[in-house]
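Structure assessment
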Amino acid sequence: EALKVLADRAGVPLTHESREDRSERARAAAALEAATEYYRAALGRDARAREYLAHRGVSPESVLAFRLGVAPDGWRGLLEHLRAGQYSEAEIERAGLAVRGERGLYDRFRARLMFPIMSPAGAVIGFSGRTLADDPAKYVNSPQTLLYDKSRALFGYDKAKGAIREADACVLVEGQMDLVLSHQAGVAHTVAVSGTALTEEHLRLI
């Protein structure tokens, strides 16, 4: 009843999930968290990615705060890591971490600097990957999933929401790197869109 009152007051539709839906969302969230840790560990072994971050002026503190990582240049590294962690191929694909091709599943993100996209509560819901190779696709983002909707998600919002409230203002930037460097420079009320135009849902969130 309290949720219904608050939902009506905020103009938010209140929906009910089945136990199966909750379980599927929980498994997807766990797979995304495991992927984040996999990418973070890979960054520690990738001198080129660390040099790129240093060249762009990203501090070690920002790397930790935003949980940055790197997707190795391979086809099935994350997939095999998650399968060893008892995730099924279907679960990995539904979490947006793998793509199905003619020869089966392969990693969606390869040879990319990885920016985890968080929910307002700070849980990983998707990724944006910036190429570290000569890929014409500068950024690859997670697809629409049970947890990630690019028309609603704002990169950095979980860290910026308090500062936005304090400043009664919000700075919008386009890229993940712009966001990280803005926060690093003390402009904490900054958020970024991820691979989409600014939407009405983004503005409602702000």
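Everything below is about the structure printed above this text.
If you're wondering where the values come from, they're calculated on a predicted model, not measured in any experiment. (Residues numbered from 1 in each chain as written. Predicted model: local features only at pLDDT ≥ 70, side-chain atom pairs only at ≥ 80, totals over all residues. Heavy atoms only, no water.)

Looking at the pattern of salt bridges
- This model, assessed by the stated rule, comprises 11 salt bridges.
- Residue R27 pairs with E91 through a salt bridge whose shortest N-O separation is 2.9 Å. Placement of the pair is R27 in helix 2 (residues 19-44) and E91 in helix 6 (residues 89-94), with a sequence separation of 64 residues.
- Ionic pairing is found between R67 and E33, a salt bridge with its closest N-O pair at 2.6 Å. Remark: E33 occurs in helix 2 and R67 occurs in the loop between helix 4 (60-65) and strand 1 (69-71); sequence separation between them is 34 residues.
- Within this structure, E33, E37, R40 and R67 form a network of salt bridges that share partners. (Salt bridge = Lys/Arg side-chain N within 4 Å of Asp/Glu carboxyl O. Helix = DSSP H or I, 4+ residues; strand = E, 2+ residues; numbered from the N terminus.)

So, the nonpolar core
- Y39, L53, L97, F127 and F155 are the most contacted members of the largest nonpolar core, which totals 45 residues.
- When residues of this core are traced back to their parent elements, those giving at least two are helix 2, helix 3 (47-55), strand 1, helix 5 (77-84), strand 4 (112-118), strand 5 (124-131) and helix 8 (176-184).
- Sort the elements by how many residues they give to this core and helix 2 lands first, with eight residues.
- Of all hydrophobic cores here, the second largest spans six residues; its members include L154, Y157, A160 and V193. (Core = buried A, V, L, I, M, F, W, Y, C linked by side-chain atoms within 4.5 Å. Buried < 20%, exposed > 50% of the residue type's maximum accessible area, 1.4 Å probe, protein only.)

Comments concerning unusual backbone geometry
- A positive phi angle is found at R67, which is not glycine, with a value near 55°.
- One non-glycine residue with positive phi stands out, namely D168, at about 55°.
- Tracing the chain through its elements places D168 in the loop between helix 7 (157-167) and strand 7 (171-173).
- Judged by its relative accessible area of 72%, D168 falls in the exposed class.

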